[in-house]
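# An overview of the molecular structure
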Amino acid sequence: MAARSEIDGVPAAFARAVEQIMRAHARPELTVEAMPPPQRIAPYAHAISGDVTVEGHEVATGRFICLHDPAGHDAWQGTFRCVTFAKADIDTEMAADPMLTEVGWSWLTDSLEAVGARHHAASGSVTVVRSDSFGQMAEDGSSAQVEVRASWTPADGDDMRPHADAWMQLLAELAGLPPLAPGIVPLRRTGRRGTGVMR
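Quick summary incoming for the structure in this document. (Residues numbered from 1 in each chain as written. Predicted model: local features only at pLDDT ≥ 70, side-chain atom pairs only at ≥ 80, totals over all residues. Heavy atoms only, no water.)

Let us now look at the overall build of the protein chain. Each helix and strand counted, the protein chain has four helices and six strands in total. For the protein chain, the α and β elements follow one another from N to C terminus as α-β-β-β-β-α-α-β-β-α. Counting only contacts in the protein chain whose residues sit at least 6 apart along the sequence, the fraction spanning at least 24 positions is 64%. Surface summary for the protein chain: the accessible area is close to 10,600 Å², and the carbon and sulfur share equals 49%. (Helix = DSSP H or I, 4+ residues; strand = E, 2+ residues; numbered from the N terminus. Contact = heavy atoms within 4.5 Å. Areas by Shrake-Rupley, 256 points an atom, 1.4 Å probe, with all protein chains shown as cover.)

This is the structure:
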(Lines give C-alpha, C1' and ligand atoms only; values in the text may rest on other atoms or scores of the structure.)
Protein backbone atom coordinates (compact mmCIF):
# COMPACT_ATOMS: atom_id res chain seq x y z
CA MET A 1 0.00 0.00 0.00
CA ALA A 2 1.46 3.31 -1.10
CA ALA A 3 -0.18 5.68 1.39
CA ARG A 4 2.18 7.64 3.67
CA SER A 5 1.51 10.15 6.43
CA GLU A 6 3.47 12.36 8.81
CA ILE A 7 2.83 11.32 12.40
CA ASP A 8 4.15 14.10 14.63
CA GLY A 9 2.64 15.51 17.81
CA VAL A 10 -0.47 13.33 17.78
CA PRO A 11 -1.87 10.88 20.36
CA ALA A 12 -0.21 7.48 20.39
CA ALA A 13 -3.55 5.74 19.74
CA PHE A 14 -4.12 7.76 16.57
CA ALA A 15 -0.54 7.29 15.35
CA ARG A 16 -0.96 3.54 15.88
CA ALA A 17 -4.27 3.56 13.97
CA VAL A 18 -2.69 5.31 10.99
CA GLU A 19 0.19 2.84 10.95
CA GLN A 20 -2.32 -0.02 10.95
CA ILE A 21 -4.24 1.52 8.05
CA MET A 22 -0.99 1.86 6.10
CA ARG A 23 -0.42 -1.89 6.51
CA ALA A 24 -3.70 -2.74 4.78
CA HIS A 25 -3.11 -4.81 1.65
CA ALA A 26 -4.57 -3.50 -1.61
CA ARG A 27 -5.34 -6.01 -4.35
CA PRO A 28 -3.60 -5.44 -7.73
CA GLU A 29 -6.55 -3.64 -9.35
CA LEU A 30 -6.71 -1.08 -6.55
CA THR A 31 -4.45 1.97 -6.32
CA VAL A 32 -4.44 3.59 -2.88
CA GLU A 33 -2.98 7.01 -2.03
CA ALA A 34 -3.00 9.36 0.92
CA MET A 35 -5.24 12.39 0.54
CA PRO A 36 -5.84 15.54 2.61
CA PRO A 37 -8.19 14.65 5.48
CA PRO A 38 -11.33 16.70 6.20
CA GLN A 39 -10.92 19.62 8.57
CA ARG A 40 -12.95 20.56 11.67
CA ILE A 41 -14.80 17.23 11.86
CA ALA A 42 -12.48 15.80 14.50
CA PRO A 43 -9.24 16.87 16.21
CA TYR A 44 -7.32 14.20 14.28
CA ALA A 45 -8.04 12.65 10.90
CA HIS A 46 -6.32 10.51 8.31
CA ALA A 47 -7.67 9.85 4.81
CA ILE A 48 -6.85 7.64 1.86
CA SER A 49 -8.41 7.35 -1.59
CA GLY A 50 -8.69 4.33 -3.82
CA ASP A 51 -9.37 3.70 -7.50
CA VAL A 52 -10.14 0.31 -9.03
CA THR A 53 -8.84 -0.02 -12.59
CA VAL A 54 -9.65 -2.93 -14.89
CA GLU A 55 -8.20 -3.17 -18.40
CA GLY A 56 -7.22 0.48 -18.28
CA HIS A 57 -10.65 1.72 -17.19
CA GLU A 58 -11.54 3.12 -13.77
CA VAL A 59 -14.55 1.13 -12.60
CA ALA A 60 -14.86 2.21 -8.96
CA THR A 61 -13.50 4.90 -6.67
CA GLY A 62 -13.78 5.85 -3.03
CA ARG A 63 -12.17 7.11 0.15
CA PHE A 64 -11.62 5.91 3.70
CA ILE A 65 -11.28 8.35 6.61
CA CYS A 66 -10.23 7.62 10.17
CA LEU A 67 -11.42 10.22 12.68
CA HIS A 68 -10.19 10.47 16.27
CA ASP A 69 -11.35 12.54 19.21
CA PRO A 70 -9.46 11.63 22.41
CA ALA A 71 -12.27 13.13 24.49
CA GLY A 72 -14.82 10.83 22.93
CA HIS A 73 -17.89 11.69 20.86
CA ASP A 74 -21.46 10.95 21.96
CA ALA A 75 -22.73 10.32 18.43
CA TRP A 76 -19.83 7.96 17.70
CA GLN A 77 -20.14 6.12 21.02
CA GLY A 78 -16.35 6.02 21.09
CA THR A 79 -13.15 7.92 20.33
CA PHE A 80 -12.66 6.69 16.74
CA ARG A 81 -14.95 6.77 13.73
CA CYS A 82 -14.47 5.25 10.27
CA VAL A 83 -16.09 7.11 7.37
CA THR A 84 -16.27 5.66 3.87
CA PHE A 85 -17.49 6.62 0.44
CA ALA A 86 -17.47 4.33 -2.58
CA LYS A 87 -19.09 4.54 -6.00
CA ALA A 88 -19.07 2.67 -9.28
CA ASP A 89 -20.71 2.72 -12.69
CA ILE A 90 -23.33 0.02 -13.12
CA ASP A 91 -25.60 -1.29 -15.86
CA THR A 92 -28.83 0.68 -16.26
CA GLU A 93 -30.76 -2.59 -15.88
CA MET A 94 -29.05 -3.17 -12.55
CA ALA A 95 -30.03 0.36 -11.48
CA ALA A 96 -33.68 -0.61 -11.89
CA ASP A 97 -33.40 -3.46 -9.38
CA PRO A 98 -35.41 -2.42 -6.29
CA MET A 99 -33.18 -4.59 -4.10
CA LEU A 100 -29.94 -2.91 -5.17
CA THR A 101 -29.75 -0.49 -2.24
CA GLU A 102 -30.17 -3.32 0.27
CA VAL A 103 -27.56 -5.39 -1.57
CA GLY A 104 -25.20 -2.39 -1.62
CA TRP A 105 -25.49 -2.03 2.15
CA SER A 106 -24.92 -5.77 2.61
CA TRP A 107 -21.68 -5.47 0.61
CA LEU A 108 -20.39 -3.18 3.36
CA THR A 109 -21.65 -5.15 6.33
CA ASP A 110 -20.53 -8.46 4.83
CA SER A 111 -17.08 -7.00 4.12
CA LEU A 112 -16.72 -5.84 7.73
CA GLU A 113 -17.75 -9.26 9.01
CA ALA A 114 -15.53 -11.15 6.56
CA VAL A 115 -12.35 -9.42 7.73
CA GLY A 116 -13.25 -9.45 11.41
CA ALA A 117 -13.65 -5.69 11.79
CA ARG A 118 -15.52 -5.40 15.10
CA HIS A 119 -17.73 -2.32 15.19
CA HIS A 120 -20.97 -0.72 16.36
CA ALA A 121 -23.16 2.35 15.66
CA ALA A 122 -23.02 1.84 11.90
CA SER A 123 -25.03 4.19 9.70
CA GLY A 124 -25.12 5.21 6.08
CA SER A 125 -26.96 5.34 2.79
CA VAL A 126 -26.90 3.68 -0.61
CA THR A 127 -27.86 5.85 -3.58
CA VAL A 128 -28.59 4.73 -7.14
CA VAL A 129 -28.51 7.38 -9.86
CA ARG A 130 -29.55 6.92 -13.50
CA SER A 131 -28.99 9.54 -16.19
CA ASP A 132 -30.55 9.58 -19.68
CA SER A 133 -29.22 11.89 -22.38
CA PHE A 134 -31.40 13.80 -24.86
CA GLY A 135 -31.11 16.21 -27.78
CA GLN A 136 -27.56 16.79 -28.95
CA MET A 137 -26.36 14.57 -26.11
CA ALA A 138 -28.63 11.67 -27.06
CA GLU A 139 -25.72 9.69 -28.49
CA ASP A 140 -24.26 9.52 -24.97
CA GLY A 141 -27.07 7.13 -24.09
CA SER A 142 -27.90 6.18 -20.51
CA SER A 143 -25.64 5.68 -17.52
CA ALA A 144 -26.04 4.71 -13.89
CA GLN A 145 -24.03 4.74 -10.69
CA VAL A 146 -24.31 3.28 -7.21
CA GLU A 147 -22.86 5.14 -4.23
CA VAL A 148 -22.33 3.84 -0.71
CA ARG A 149 -21.74 6.32 2.11
CA ALA A 150 -21.25 4.91 5.57
CA SER A 151 -19.65 5.37 8.96
CA TRP A 152 -19.12 3.14 11.98
CA THR A 153 -17.26 3.06 15.27
CA PRO A 154 -14.48 0.47 15.65
CA ALA A 155 -14.55 -1.60 18.84
CA ASP A 156 -12.31 -0.18 21.57
CA GLY A 157 -8.72 -1.18 20.99
CA ASP A 158 -9.52 -2.85 17.67
CA ASP A 159 -6.83 -3.02 14.98
CA MET A 160 -7.71 -0.44 12.32
CA ARG A 161 -6.28 -2.48 9.44
CA PRO A 162 -9.35 -4.76 9.06
CA HIS A 163 -11.56 -1.68 8.78
CA ALA A 164 -9.47 -0.37 5.89
CA ASP A 165 -9.48 -3.87 4.41
CA ALA A 166 -13.29 -3.90 4.56
CA TRP A 167 -13.44 -0.62 2.63
CA MET A 168 -11.13 -2.05 -0.03
CA GLN A 169 -13.32 -5.15 -0.25
CA LEU A 170 -16.38 -2.92 -0.66
CA LEU A 171 -14.70 -1.19 -3.61
CA ALA A 172 -13.95 -4.58 -5.15
CA GLU A 173 -17.59 -5.63 -4.72
CA LEU A 174 -18.82 -2.45 -6.39
CA ALA A 175 -16.37 -2.99 -9.24
CA GLY A 176 -17.62 -6.54 -9.77
CA LEU A 177 -14.24 -8.13 -9.02
CA PRO A 178 -14.09 -11.76 -7.88
CA PRO A 179 -13.29 -12.17 -4.16
CA LEU A 180 -9.74 -12.92 -3.07
CA ALA A 181 -10.63 -14.12 0.41
CA PRO A 182 -11.53 -17.82 0.71
CA GLY A 183 -15.06 -18.73 1.63
CA ILE A 184 -16.70 -15.65 0.09
CA VAL A 185 -19.08 -16.42 -2.76
CA PRO A 186 -19.43 -13.69 -5.41
CA LEU A 187 -22.91 -12.56 -6.44
CA ARG A 188 -24.01 -13.60 -9.93
CA ARG A 189 -23.42 -10.76 -12.35
CA THR A 190 -24.21 -10.12 -16.01
CA GLY A 191 -23.88 -7.21 -18.41
CA ARG A 192 -21.24 -4.70 -19.47
CA ARG A 193 -19.34 -4.69 -16.17
CA GLY A 194 -20.31 -8.18 -15.14
CA THR A 195 -23.10 -6.87 -12.95
CA GLY A 196 -26.76 -7.70 -12.95
CA VAL A 197 -29.99 -8.02 -11.03
CA MET A 198 -29.45 -9.38 -7.53
CA ARG A 199 -31.42 -12.35 -6.24
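Right, let's get into the packing of aromatic side chains. A full pass over the atoms with the stated rule returns three aromatic pairs. Ring plane angle 50° and centroid distance 6.5 Å describe the contact between phenylalanine 64 and tryptophan 152, whose orientation is recorded as tilted. Of this pair, phenylalanine 64 sits in strand β3 (residues 57-73) while tryptophan 152 sits in strand β6 (residues 142-154); the two residues are 88 residues apart in sequence, bridging distant segments of the chain. Here phenylalanine 64 and tryptophan 167 contribute two aromatic rings whose centre-to-centre distance is 6.0 Å and whose plane-to-plane angle is 40°, an arrangement assigned as tilted. Of this pair, phenylalanine 64 sits in strand β3 while tryptophan 167 sits in helix α4 (residues 161-175), and the two are 103 residues apart along the sequence. In terms of burial, phenylalanine 64 and tryptophan 167 fall into one category: buried. A network of ring pairs unites the aromatic residues Phe64, Trp152 and Trp167 as a single cluster. (Phe/Tyr/Trp six-rings, centres within 6.5 Å; stacked < 30°, edge-to-face > 60°. Buried < 20%, exposed > 50% of the residue type's maximum accessible area, 1.4 Å probe, protein only.)

Counted according to the given criterion, the structure contains four salt bridges. Here arginine 149 makes a salt bridge to glutamate 147, at a shortest N to O gap of 3.7 Å. For glutamate 147, a relative accessible area of 15% puts it in the buried group. (Salt bridge = Lys/Arg side-chain N within 4 Å of Asp/Glu carboxyl O.)

What follows deals with the nonpolar core. Within the largest apolar cluster, 44 residues are counted, with the highest numbers of intra-cluster contacts made by Val52, Phe64, Cys66 and Leu174. Sorting elements by how many residues they give to this core places α4 first, with nine residues. Residues contacting phenylalanine 64, with those up to four places away along its chain left out, are Ile21, His46, Ala47, Ile48, Cys82, Val83, Thr84, Trp152, His163, Ala164 and Trp167. Ala45, Ala47, Leu67 and Trp76 belong to the second-largest nonpolar core, a separate cluster that totals six residues. (Core = buried A, V, L, I, M, F, W, Y, C linked by side-chain atoms within 4.5 Å.)

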